[in-house]
Amino acid sequence: MRWALLPALILASCGHSTSAALPVDDPALSAALFLDARSIEPGLAKDFTCAGIEGAGTEEDPPTAVLALIRERLGVPVLPQSDCRRDERTSLVVGDRVTGSGTWLTIGDVGCVSPDRCRATVSYYVANQGAGGREVTAERTASGWRVHATGNSWIS
């Protein structure tokens, strides 16, 4: 009699996981998150942008498709974080092959609870001009990802 439940258990374990369909790696989602970070202080350091994705204590470069989407929307050079640095003397963001004042955008802690709803942290850094960030929720709409501030925010 105890084996009568075995077919049901096997079928239940063979069901597909919804996590495979989650949009964590969606370039449009990442671009929307970076653009939200930039919207916190859009007037500061606007000659170029550096972008990084934070995870597990390290910062990595976004995919090329994400950089292209951000570049298209901002209309300025957008570099992967590996082509940027924070100048030790001035604390300003410096990018390879670009001049002017830049801002460093970072997204992190991206996690999706459904194919249409994700959460993340977004932040910007422009050295002695300021830095800040916030917790956000992104929701997929018919026109793309819409990002809303939802939790803690910080500024310096």
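Residues numbered from 1 in each chain as written. Predicted model: local features only at pLDDT ≥ 70, side-chain atom pairs only at ≥ 80, totals over all residues. Heavy atoms only, no water.

*Asks:* A description of the pattern of salt bridges should follow, citing residues and the corresponding values.
*Replies:* Under the definition given, this model contains 6 salt bridges. Across the pair Arg85 and Asp96 runs a salt bridge, and its minimum N-O distance is 3.8 Å. With Arg85 in strand β4 (residues 84-86) and Asp96 in the loop between β5 (93-95) and β6 (102-114), the pair connects residues that are 11 residues apart, well separated along the chain. Residue Arg117 is joined to Glu139 by a salt bridge in which the shortest nitrogen-to-oxygen separation is 2.7 Å. Of this pair, Arg117 sits in strand β7 (residues 117-125) while Glu139 sits in strand β8 (residues 131-141); the two residues are 22 residues apart in sequence, bridging distant segments of the chain. A relative accessible area of 30% places Glu139 in the partly exposed class. Among the charged side chains, a salt-bridge network with shared partners connects Asp26, Asp116 and Arg140. (Salt bridge = Lys/Arg side-chain N within 4 Å of Asp/Glu carboxyl O. Helix = DSSP H or I, 4+ residues; strand = E, 2+ residues; numbered from the N terminus. Buried < 20%, exposed > 50% of the residue type's maximum accessible area, 1.4 Å probe, protein only.)

*Asks:* Summarise helix α3 (residues 64-74); cite the residues concerned and give the values.
*Replies:* Residues of α3 that are buried include every one of Val66, Leu67 and Ile70, and no others. One face of α3 carries all of its buried residues, which in axial projection span an arc of 100°. Exposed and facing more than 90 degrees away from the buried side of α3 are Thr64 and Glu72. The elements touched by buried residues of α3 are α2 (27-39), β1 (48-55) and β3 (78-80). Downstream of α3 by a residue or two, Gly75 has a phi angle that is positive, lying close to 75°. (Arc of directions from axis to C-beta. Contact = heavy atoms within 4.5 Å.)

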